[in-house]
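# Breakdown of the fold
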Amino acid sequence: MKTSVLIPTTGDIALVREHAALADQLGYDSVNCSHIAARDSFTTLAGLAHLAPSVTLATAVAPIHHRSPASMAQTAATVDDLSGGRFRLGLGTGHRATMAGWHGQDIGNPVAEMREYVALVRALLAGAEPPAGLRWNSSFAFNGFKARADIPVYLAGLSPAMLRLAGEIADGVVLWACPASYVADVVTREVAAGRARAGLGLAGFDICAAVPSAVADPAVAQVGIRAELHRYFGLPFYRAMFAQAGYEADIAAYDAAADVADQRAAISNAFIDDLCAIGEPEDVAAGVARYRSAGATNPMITNITGTDLRPTLRAAVSA
């Protein structure tokens, strides 16, 4: 059984290094970094490669609109080469507000643009003729360097359409803030439909679900996770997924709240219990096991603000 971890790219770099090295020593499948407004995920993973010499190193995820397909292929191939062939490329569409505000890029049709982007990145890695696209085109070709053609590509998925696309064209899917019930009721069904389009079954396809986890006092961890989830309840892609998961009441309470404190309080204990693995070591292990039972083949532990990741790493790997 596989278990992965998302290493925060914020805070003291010494702690980032310690977390990665510990995950490697404990036998985690992969060390992942998100591409947020902190350290660059690719550069961080390249810097961690020698400290974590066994694990897969992965972005979870990098938004496609912040790098051209040629730049993405070149960066992925470089980190893969530096790590001895241990890189995995996790891609997502990002969100309209951040892609426009940070990078000056507009998201059009997310599913169509992702399909084009992945096809072009794979062709560039393989040294094949780049396919022509409506949005993404490139005449780039590696010169004096041969990339690994089969670098695994995972897609971030929330909506049924993107989950089906992941099943059809990718090697795995990365789920963020998806409760275990949504994994069981929606993710596995839609991924299977996508795999069927490609004439494939679920075997060999990785469902990598983020599991916010903490060996900690539940009261402390709940404060931290509500602070983290607050912004997602304001993002359209996540709101749609939360509603489909059955948490329309949480969305309504969030929308009716008068201020940030009330918005955080609107996120119910039921939602947190469905999403997280919090408490004693055995509670964390049980929470990870719950995701496995729901269909996650590779639960990915994420640190909850205000808690220590180290005991959580030790507890979760046994699940």
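In the block above lies the structure referred to throughout.
Definitions and limits used
- Along each chain, the written sequence defines residue order, and numbers are assigned to residues from 1.
- Predicted model: local features are reported for residues with pLDDT of at least 70 only, side-chain atom pairs are reported and counted for 80 or more only, and whole-chain, interface and lining totals are derived from all residues.
- Processing note: side-chain calculations cover all non-hydrogen atoms of the structure and skip hydrogens and water entirely.
- Residues grouped as a nonpolar core are buried Ala, Val, Leu, Ile, Met, Phe, Trp, Tyr and Cys residues, joined through side-chain atoms within 4.5 Å.
- Throughout this description, buried means an accessible area under 20% of the type-specific maximum (1.4 Å probe, protein chains only), exposed means over 50%, and partly exposed covers the range between.
- Numbering of helices and strands starts at the N terminus; helices are DSSP runs of H or I of at least 4 residues and strands are runs of E of at least 2.
- When checking whether two residues touch, look at their non-hydrogen atoms; a contact exists if any pair is within 4.5 Å.
- Here the rule is simple: two strands pair whenever DSSP picks up at least two bridges between them.
- Axis lines are fitted to C-alpha atoms, over the contacting stretch for helices. Their N-to-C directions set the angle, which ranges from 0 to 180 degrees.
- Orientation categories follow fixed angle ranges, with anything under 35 degrees roughly parallel, anything over 145 roughly antiparallel, 65 to 115 roughly perpendicular, and all other angles oblique.
- Just so you know the grouping, Ala, Val, Leu, Ile, Met, Phe, Trp, Tyr, Cys and Pro go in nonpolar, Asp, Glu, Lys and Arg go in charged, and all remaining residues, Gly too, go in polar.

### Let's talk about the nonpolar core
Proteins that are soluble and globular tend to have nonpolar side chains buried together. Judged by nonpolar contacts, the single largest core of 95 residues is most densely connected at Val 5, Val 31, Leu 89, Leu 91, Leu 155, Leu 175 and Phe 242. Among the elements that make up this core, the one with the highest residue count is helix H5 (residues 110-126) (seven residues). Those residues in contact with Leu 91 that lie beyond four places of it in its chain are Val 61, Ala 62, Ile 64, Met 72, Met 114, Tyr 117, Val 118, Val 153, Tyr 154, Leu 155 and Ala 156. Grouped together as the second largest cluster of nonpolar side chains are eight residues, Val 61, Val 174, Ala 210 and Met 300 included.

### With respect to the pairing of strand S2 (residues 30-33)
Neither face of S2 is open: one carries Ser 30 and Asn 32, the other Val 31 and Cys 33, and all of them are buried. Pairing of strand S1 (residues 4-6) with S2 involves three bridges; the strand directions are parallel. Looking at the pairing, Leu 6 lines up with Asn 32 of S2. Pairing of S2 with strand S3 (residues 56-59) involves four bridges; the strand directions are parallel. Counterpart to Val 31 in the pairing with S3 is Leu 57.

### With respect to the packing of helix H9 (residues 236-244) against helix H10 (residues 248-256)
Across the interface, H9 lies against H10 with an axial gap of 7 Å and an inter-helix angle of 135°. One way to sum up the angle between H9 and H10 is to call them oblique. Residues Arg 239, Phe 242 and Ala 243 of H9 form the contact with H10, whose participating residues are Glu 248, Ile 251, Tyr 254 and Asp 255. Grouping the constituent residues of the contact of H9 with H10 by class yields four nonpolar, no polar and three charged.

### Considering unusual backbone geometry
Residue Val 61 is reached from Ala 60 by a cis peptide bond, and omega for that bond is -5°. Of note, Val 61 is situated in the loop between S3 and strand S4 (62-63). Phi is positive for Ala 177, which is not a glycine, with a value near 60°. Here Ala 177 is to be found in the loop between strand S7 (172-175) and helix H7 (180-197).

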